[in-house]
Amino acid sequence: MIDKKELEALVQEGLAGTDCFLVDVQVSPNNVLVVEIDNEEGVDIDRCVALHRFLESKLDRDVEDYELEVGSAGITSPFKVLGQYKKNIGNEVEVLTKDGRKLSGILKSADPEKFVVTVTKKVKSETSKRKVEVEEDCTLTYDEIKYTKYLIRFK
């Protein structure tokens, strides 16, 4: 079986000098290799083909047979790496916390320890009978969430 760490190192080598970053590598027991990459602008098919060819040149099918898939991280897939959070700063995201809360808001910032989502809430106003919209920053750590993903809205 092909080693996951070895494949990750090859992918990093293949992405060196590009604006792409590694999102995920999966190696199944029957040697199906799945590589997900992303970048700020989105990944086109030519970038995937180039990485696929690079990886094929480094792996030897005569030593070990494998099936290789190289693709971009899906727009509806949960974020897996910090690069995806940084790419989506300013975009609307959906967050599901481990305690079951679902938040929707604008991703404000992200760093290796935490990220901030600005959520709009309706609160009862003291001066008016109507509820007023108030923006609130929610700071979350990565270990207290189940997922974060880009929120697609059709208006």
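How each quantity is defined
- Residues numbered from 1 in each chain as written.
- Predicted model: local features only at pLDDT ≥ 70, side-chain atom pairs only at ≥ 80, totals over all residues.
- Heavy atoms only, no water.
- Helix = DSSP H or I, 4+ residues; strand = E, 2+ residues; numbered from the N terminus.
- Polar contact = N/O pair within 3.5 Å; in protein donor to acceptor, adjacent residues only side chain to side chain.
- Contact = heavy atoms within 4.5 Å.
- Phe/Tyr/Trp six-rings, centres within 6.5 Å; stacked < 30°, edge-to-face > 60°.
- Buried < 20%, exposed > 50% of the residue type's maximum accessible area, 1.4 Å probe, protein only.
- Lys NZ or Arg CZ within 6 Å of the ring centre and 35° of its normal.

A. Structural detail: the side chain of Glu36. Within the fold, Glu36 resides in strand S2 (residues 32–39). Polar contacts involving the side chain of Glu36 include one to the side chain of Lys80, which spans 3.3 Å. In this structure Glu36 touches Leu22, Val23, Asp24, Gly71, Ala73 and Lys80, once residues within four positions along its chain are discounted.

B. Highlighting the packing of aromatic side chains. Counted according to the given criterion, the structure contains 4 aromatic pairs. For the ring pair Tyr85 and Phe115, a centre distance of 5.0 Å and an interplane angle of 45 degrees mean the geometry is tilted. With Tyr85 in helix H3 (residues 82–87) and Phe115 in strand S6 (residues 114–124), the pair connects residues that are 30 residues apart, well separated along the chain. Of the residues examined, Tyr85 reaches a relative accessible area of 4% and is grouped as buried. Overall, Phe115 belongs to the buried group, its relative accessible area being 0%. Taking the centre distance of 5.0 Å and the plane angle of 75 degrees together, the rings of Tyr85 and Tyr142 count as edge-to-face. Of this pair, Tyr85 sits in helix H3 while Tyr142 sits in the loop between strand S7 (131–141) and strand S8 (145–150); the two residues are 57 residues apart in sequence, bridging distant segments of the chain. Among the aromatic residues, those joined into a ring-pair cluster are Phe79, Tyr85, Phe115 and Tyr142. Here the guanidinium or amino end of Arg61 rests over the ring plane of Tyr66, the centre of that ring lying 4.1 Å away. One Lys or Arg, Lys149, reaches over the ring of Tyr147 and ends 4.9 Å from the middle of that ring.

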